[in-house]
Amino acid sequence: MGFSELSLILGGPQGSGLETSMLVLSRALAYRGYGVVADREYYSNIVGRHSYIHMSISSKRTPRSLTYPVKLLVSMDAETVFTHFKDIESGGVLFYDKDVRAKKVTEIPSIEESLRSRIARDLKALGAGEDLESVLGVLRGRGVTTIGMSFQEILRDLMKTFGIDPRSLSRYVSGIITSSAALLLGLDREALKYGFERVFAARAKLVEQNVYVADSVWRELKSYEGLLRLDYPETEFSEVLVATGNDVVAIAKIVAGLRYQSYYPITPAADESFFLEKYEVSEVDGTIVGPIVVIQTEDEIAAINSAIGASLAGVRSSTATSGPGFDLMVEGISWAGMNEAPVVITYYQRGGPSTGLPTRGSQSDLLSSAFAAHGEFAKVVLSSGDHLDAFYDTVLAFNIAEKYQLPVIHLLDKFLANSTATIPLPDLGRVRIERGLKPVPPGTYKRFNLEALISPRAPLGTPGVIMWYTGDEHDEFGHISEEPENRVRMYSKRIEKLKLVDEEVPGDLKLRVYGDEGGDFCLIGWGSVKGVALDAVDEIAKRGFRGIYVDVKMLWPFPRRELLEVLRRSGFGNVVAVEHSYGVNIADLAAMAAGVQIRKRIAKFTGRPITLSELTQALEKTLTSDVDRVVISYGG
Amino acid sequence: MEGRGVSFKSDVWVDWCPGCGNYGILTAVFKAFAELKLDPSKTVIVSGIGCSGKLPHFVNVNGVHTLHGRAIPFATGIKLANPELTVVVHGGDGDLLGIGAGHFVALGRRNLDIVVILHNNGVYGLTKGQASPTLPLDAKTKALPKPNIQQAVNPIMLAVASGYTFVARSYAFEGEHLKNVIVDAVKHRGAAFVDILQPCVTFNDIFTSEYYRKRVYRLDKDPDWDPVVRKPEERISKMLKAIEKSAEWGERIPIGVFYVDSTVSTYEERLSSRLKVYPKVNPASSVIASEDLRPVVDDVKFKKIFSDLIVRVSKRV
Amino acid sequence: MVEERCGNCVNYSPHVYYPQVGRCLVFSTGVSESDSCDKFKRASIDELLNALGGEGSVYCTTCGATLVDEEELKAHSRNHRLAIRAVIDEAIAEEARAD
Ligand SMILES: Cc1ncc(C[n+]2csc(CCOP(=O)(O)OP(=O)(O)O)c2C)c(N)n1
Ligand code: SF4
Ligand SMILES: [Mg+2]
Ligand SMILES: [Zn+2]
């Protein structure tokens, strides 16, 4: 018997090959039929700061959440051990570099001062010294197996055998840690080789050298093989996508028929545009897919406004950004609302205000996106709970934008953007491209025809047709008009389209209920808390509390009816909201839009993702006491 | 275009102040578009915000009246999405060189085939006469309580330095000259810039039509003036000449073409070297779904396109 | 007397993350700090000052710091390991994620 679920951390300095390790390991695991989700945590820094990958692996399905403590910590350096040693559960394993055993926590300049003194304090309390050797002692005392290897010896051997360039050492250090992790988890060398081949693709030499590293690791650690063996996989995958949230959204945009993407570089959004640039045009079986014009603009103002321009020319267009960039786009969104221009803004939240925690996640821009831009007009805000949802929701975002002729904000976050997962292939048979294009009526064309809430939309360049657009109030032709009667009709038209969205979009796409109603509680959230919320609901059931999770997918217009129905059925007591923010603002939005009072709130705003253990505890606390607000903060 | 005949004049009442230089510009636009025989449905005027920003409503071609300073980004999106369109930007000096200056520079760097027409009146007309980025230091127009303490930017110099490949100046009430410059600018392939000296009768009592009438002279009257770059080696010297010429201001103000360089690749060409099928197959002309609303990318194509990210599971036996 | 091994040689350029291995600036090859050869030249203060003059900076392996003036160099040279420069790994550019 092995483990059906297991979580681990791979840690090392930024740019030390950690990313490569994650790519290799996740592909090797997927190849053998395991489900994986891996979160990437890193500082806003190029060289030297600590970064790590927190991974959950399952033999049954794609894991939904991250959890502490972990079974395995694979470290590239001493800082990783100092930072995470407390996260290893007893019976777990630490893999480390023997050469840095003498390193003291006080000798590591890249550790932030407050963290360093906290670690020093913790070690003192444990009666341990400040060096890595002492930490190893503490761990062994707790029943953790510590396995060391000399990285220097392996690297030296590689330099002698292959004459490798010291500038590419990280490629091999990553080989050491992936190999040791694979060995401990009971993965075979062929699977590992598959991982190397997929990641290094055309670079055969790198594959050969990494296989050589794996052989050395296997020779040296033979006796530990399968120490943390995973169960034989029971997943039903035959093919899976291994991709990040950024990748999945970009893929979905290509499927949705995106033809124009503008962006100004910002973490964690830029990778999406990079991906699109890579796949900007392809030819398969004689069909051209694309082309997509991907343009790096001079700022976010140009990004949104050029995307709107492209939309006027009749193409599906979007931009991807994060908080600081979104703030600059707001005036453009107002113009798009005024001119009923379909456009999709993919908004990956990170920790604010201002540059805040630029590389960490958050859900703190809910209200800012729901209420962004001056004047009143219809705008839709969607969110997605996981990678696969994000795929379908991206297509939905374009369909809604075009059918109802309005801006759609797809509100995601850094957690999703940068986490890699094994994802079932989307079912394209389910996908429809709904453009809401109606034939242009004969006679003089009126872009803003008032006969219906949705006027026939003709692209600029339609033969024989001309039209005007303006940010000023306008008549049916698009010419400026300040006449009050026209104002009332036009203004109301633009707002009342939102009613159509509310009535026509299927309830299941607006709000989803997970679990059996009629239990003890209702947990409510949106976006990337979905996975951990579902796991927490399952987990707490083992402690005797039965409940549901309500995933609010359409944040604006708020699914008022749908939420009220759920709450009516499950009783209004014990509703708990959870969010990566201080305010847990979904509760306020629900109060405003649906008139429901949600007193109990679980908040996390450290920029690190909510983990299963802390959410389950917090949930239990809100259910068993009259504590209304729990702030959680686990993770380094 | 059906019904409307050859006139480019729309039905909208023109509401600029009587005597405003914008009237001269509008008339020149009508004439230039007629001479170019532009198809109104394939032509788009994109404007910013200001008195000048209203221009598209007066013209019977597609009009997109955007945000203050942002006409160039809108125009960029329109042109890239449908490269068959003729796209002309109209903006004020505050619009293009103040709030929108970053976009102005960026368009030069791209050399995208768009015409930018600057309504240069030295003031913020629509907000009642504050100093614009082209008003010289120490100038005190009548709406200003005190003399201007910011320096002026030279639009021609900025355009040349930014990479525009057609740079010219004309005067709003020099009708024939202005029309010809606009025609040449539209014909030029690449980013074209026209600086139009535009009297603002209401707020600018310094740069009046009387002021300009006395001072403007035509560059093309000088047989030695040759602004055209014929081979890349000439680029720097022609640029320097254009810049030097553009510094001439005061008693004599040159109008005409300052710089033309067709040896620089356009953004469309740069894009087509990457996208191959572009501009023939472009965002606006390409298909994204079938009649029955299914995406072009089906399950089979999906696996081919994204094979790099797909892992075929092979459990151990 | 310092041991005549690569780690103490002025021509040893340590890897930014694994300073136990690095690059030999004479032979342009990968070496380990415990290797040795007959071109050994001690990383003396004079050599380092000289390098500072030429390169504009030197690297303190102990602190992971770039030193740009003589005073700094002298201060670190007392107890720290110094090198002319560090080896920046290629993976850094590929994997970097920042603001
Ligand atoms: C973001 C923003 N800030 C301020 C304004 C107010 N505003 C309208 S027109 C204008 C200046 C117009 O000056 P210019 O661009 O020179 O055009 P002109 O009216 O002189 O043709 C300003 C500041 C605005 N519309 N948008
Ligand atoms: S304010 Fe000046 S620029 Fe505006 S319309 Fe009147 S004269 Fe023309
Ligand atoms: Mg002006
Ligand atoms: Zn030092």
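Here is a short report on the structure shown in this document.

Thresholds applied
Along each chain, residues carry numbers from 1 onward, in the same order as the chain's sequence is written. The lettering of chains begins at A and the numbering of ligands begins at 1, in the order of writing. In view of the model being predicted, local features appear only for residues whose pLDDT reaches at least 70, and side-chain atom pairs are presented and counted only at 80 or more, with totals across whole chains, interfaces and linings using the full set of residues. To obtain the side-chain values, all non-hydrogen atoms of the structure were used and water was disregarded. Metal coordination here is assigned from N, O and S atoms located within 2.8 Å of the ion, or within 3.2 Å for Na, K and Ca; omission of water means that sites may look incomplete. A run of H or I in DSSP counts as a helix once it spans at least four residues, and a run of E counts as a strand once it spans at least two, with each numbered from the N terminus. Only protein chains enter the area calculation, which uses a 1.4 Å probe; residues under 20% of their type maximum are buried, those over 50% are exposed, and those in between are partly exposed. Here a cavity denotes grid points, spaced 1 Å and computed from the protein atoms alone, that fit a 1.4 Å probe unable to get out, and a pocket denotes an open set having protein on both sides within 12 Å along at least 5 of 7 lines; residues with an atom within 4 Å of a point are the lining. Grid points are joined across faces, edges and corners, and a volume is the space filled by probe spheres set on the points. Think of it as three bins: nonpolar holds Ala, Val, Leu, Ile, Met, Phe, Trp, Tyr, Cys and Pro, charged holds Asp, Glu, Lys and Arg, and polar takes everything else, Gly as well. For the domain bounds, the source is a domain assignment made automatically or taken from a database. Every angle between 85 and 135 degrees makes a four-donor site tetrahedral, while opposite donors more than 155 degrees apart, with all other angles between 65 and 115, make a four-donor site square planar and a six-donor site octahedral; other sites are irregular. Counted as salt bridges are all cases of a side-chain nitrogen of Lys or Arg within 4 Å of a carboxyl oxygen of Asp or Glu. Two strands qualify as a pair provided DSSP detects at least 2 bridges between them. Between N-to-C directions, angles span 0 to 180 degrees; the directions come from axes that are lines fitted to C-alpha atoms, helices contributing only their stretch in contact. By definition in these notes, contact holds between two residues if any of their heavy atoms fall within 4.5 Å. Note on angle classes: values under 35 degrees are labelled roughly parallel, values over 145 roughly antiparallel, values of 65 to 115 roughly perpendicular, and the remainder oblique. Only a single heavy atom is needed: when it lies within 4 Å of a molecule or strand, its residue is near that molecule or strand. We call two N or O atoms a polar contact when they sit within 3.5 Å, provided that within protein one can donate a hydrogen and the other can accept it, with sequence-adjacent residues counted only if both atoms are side-chain atoms. What sets the accessible areas is the Shrake-Rupley method with a 1.4 Å probe; for residues, cover comes only from the shown protein chains. We call a set of buried Ala, Val, Leu, Ile, Met, Phe, Trp, Tyr and Cys residues a nonpolar core when their side-chain atoms join them within 4.5 Å. Each of two parts loses accessible area, computed with a 1.4 Å probe, when they are put together; buried area is these two losses added.

In this section: the coordination of the magnesium ion (ligand 3). Residue and element names in this part refer to chain B. In this structure, Asp-93 (OD), Asn-121 (OD1) and Val-123 (O) serve as the protein donors to the magnesium ion (ligand 3), at separations of 2.1 to 2.2 Å. Going along the chain, you hit the donors of the magnesium ion (ligand 3) in the pattern D-x27-N-x1-V. Of this pair, Asp-93 sits in helix H3 (residues 93-99) while Val-123 is found in strand S5 (residues 123-124), placing the two residues 30 residues apart along the sequence. One exposure class covers both Asp-93 and Val-123, and it is buried.

A few words on empty space enclosed by the protein. Empty space among the atoms becomes apparent when a probe as large as a water molecule is rolled across them. All names here are of chain A. All told, the structure shown has 2 cavities of 30 Å³ or more when counted by the stated rule. Taken as a whole, the largest cavity encloses approximately 50 Å³ of empty space. Taken together, Ser-311, Val-315, Arg-316, Ser-317, Pro-342, Val-343, Val-344, Phe-398, Ala-401, Glu-402 and Arg-457 make up the full set of residues lining the largest cavity. Those elements that place two or more of their residues in the lining of the largest cavity are strand S12 (316-321), strand S13 (343-351) and helix H14 (387-404). Considering each element in turn, the lining of the largest cavity owes the most residues, 3 residues, to H14. Residue classes in the lining of the largest cavity are distributed as 6 nonpolar, 2 polar and 3 charged. By volume, the second largest cavity is sized at about 30 Å³.

Volume-wise, the largest pocket comes out at about 1,300 Å³. Along its surface, the largest pocket is lined by 39 residues, and Glu-19, Leu-23, Asp-247 and Lys-278 of chain A together with Glu-94 of chain C are the ones closest to its centre. For the lining of the largest pocket, the per-class residue count stands at 20 nonpolar, 6 polar and 13 charged. Mapped onto the domain boundaries, the lining of the largest pocket takes at least three residues apiece from domain 1 (5-224) and domain 2 (242-430) of chain A. Estimates place the volume of the second largest pocket at around 860 Å³. If you trace the second largest pocket, you find 29 residues lining it, with Lys-103 of chain A together with Val-16, Pro-19, Thr-61 and Thr-62 of chain C closest to the centre. Across the lining of the second largest pocket, the residue classes tally to 14 nonpolar, 7 polar and 8 charged.

Here we take up the coordination of the zinc ion (ligand 4). All names here are of chain C. Taken together, the protein donors to the zinc ion (ligand 4) comprise Cys-60 (SG), Cys-63 (SG), His-76 (ND1) and His-80 (ND1), at separations of 2.0 to 2.4 Å. Relative to the metal, the 4 donor atoms surrounding the zinc ion (ligand 4) lie at angles of 98 to 116 degrees, and the coordination shape comes out tetrahedral. Mapping the donors of the zinc ion (ligand 4) onto the primary sequence gives the spacing C-x2-C-x12-H-x3-H. Here Cys-60, found in strand S4 (residues 58-60), pairs with His-80, found in the loop between helix H2 (70-77) and strand S6 (82-83); they are 20 residues apart in sequence, far enough to count as distant. The buried category is assigned to Cys-60, whose relative accessible area is 0%. Judged by relative accessible area, which is 29%, His-80 ranks as partly exposed.

With that settled, the discussion passes to the pattern of salt bridges. What the rule picks out here adds up to 77 salt bridges over all chains. Glu-280 of chain A serves as the salt-bridge partner of Arg-274 of chain B, at 3.1 Å between the closest nitrogen and oxygen. With one member in each of two chains, Arg-274 of chain B in helix H9 (residues 267-275) and Glu-280 of chain A in the loop between helix H10 (270-278) and strand S9 (282-284) form a pair that bridges those chains. The class for Glu-280 of chain A is buried, based on a relative accessible area of 8%. Between Lys-79 of chain B and Asp-113 of chain B there is a salt bridge; the shortest N-O distance is 4.0 Å.

Here we come to the sheet that holds strand S3 (residues 29-32) of chain C. Pairing within the open sheet is antiparallel, and its 3 strands lie in the order S1-S2-S3 (chain C). Where the open sheet ends on each side, the last strands, each with one partner, are strand S1 (12-14) and S3 of chain C. Across the sheet, the axes of successive neighbouring strands diverge by a mean angle of 40 degrees, strand direction being ignored. Bridging between strand S2 (residues 21-24) of chain C and S3 of chain C involves 4 bridges; their strand directions are antiparallel. Across the sheet, Cys-24 of chain C pairs through a bridge with Thr-29 of chain C, a residue of S3 of chain C. Helix H5 (residues 151-162) of chain A contacts S2 and S3 of chain C of the sheet and is inclined by roughly 145 degrees relative to S3 of chain C.

This part takes up the packing of helix H4 (residues 101-110) of chain B against helix H5 (residues 155-162) of chain B. All names here are of chain B. Relative to each other, H4 and H5 sit at 45 degrees, their axes nearing to 8 Å. Put simply, H4 runs oblique to H5. Contacts between H4 and H5 involve Phe-104, Val-105, Gly-108 and Arg-109 from the first element and Leu-158, Ala-159 and Ser-162 from the second. Partitioned by chemical class, the residues of the contact of H4 with H5 number 4 nonpolar, 2 polar and 1 charged.

So, about the site of ligand 1. Close to ligand 1 lie 17 residues, the nearest being Cys-51, Ser-52, Asp-93, Asp-95 and Asn-121 of chain B. Near ligand 1, the surrounding residues are drawn from chains A and B. Interatomic distance of 2.4 Å between a side-chain N/O atom of Asp-93 of chain B and an oxygen atom of ligand 1. Relative to its unbound accessible surface of 590 Å², ligand 1 loses 77% to contact with the protein. Secondary-structure elements contributing two or more residues to the shell around ligand 1 are H3 and S5 of chain B. Here the shell around ligand 1 takes 4 residues from H3 of chain B, the largest share from any one element. Partitioned by chemical class, the residues of the shell around ligand 1 number 6 nonpolar, 8 polar and 3 charged.

A few words on the nonpolar core. For soluble globular proteins, nonpolar side chains are generally found buried alongside one another. With 158 residues, the main nonpolar core has Phe-391, Ile-400 and Phe-558 of chain A together with Val-46, Val-116, Tyr-164 and Phe-302 of chain B as its most contacted residues. Looking at this core element by element, the count peaks at 9 residues for H14 of chain A. Non-local contacts of Val-46 of chain B, meaning those with residues more than four positions away in its chain, are made with Val-64, Thr-66, Ala-71, Phe-74, Ala-75, Ile-78, Val-87, Val-88, Val-89 and His-90 of chain B. Counting 68 residues, the second largest nonpolar core, distinct from the first, contains Leu-18, Ala-28, Met-55 and Leu-183 of chain A.

For the rest of this paragraph, the subject is the interface of chain A and chain B. Across the contact, 92 residues belong to chain A and 73 residues belong to chain B. Summing the contributions of chain A and of chain B, the shared interface buries around 6,900 Å²; its carbon and sulfur component is 63%. Contact with chain B buries surface across chain A, with Glu-298, Ile-466 and Trp-468 of chain A losing the most and accounting together for 9% of the total. At the boundary of chain A with chain B, the tally comes to 8 salt bridges.

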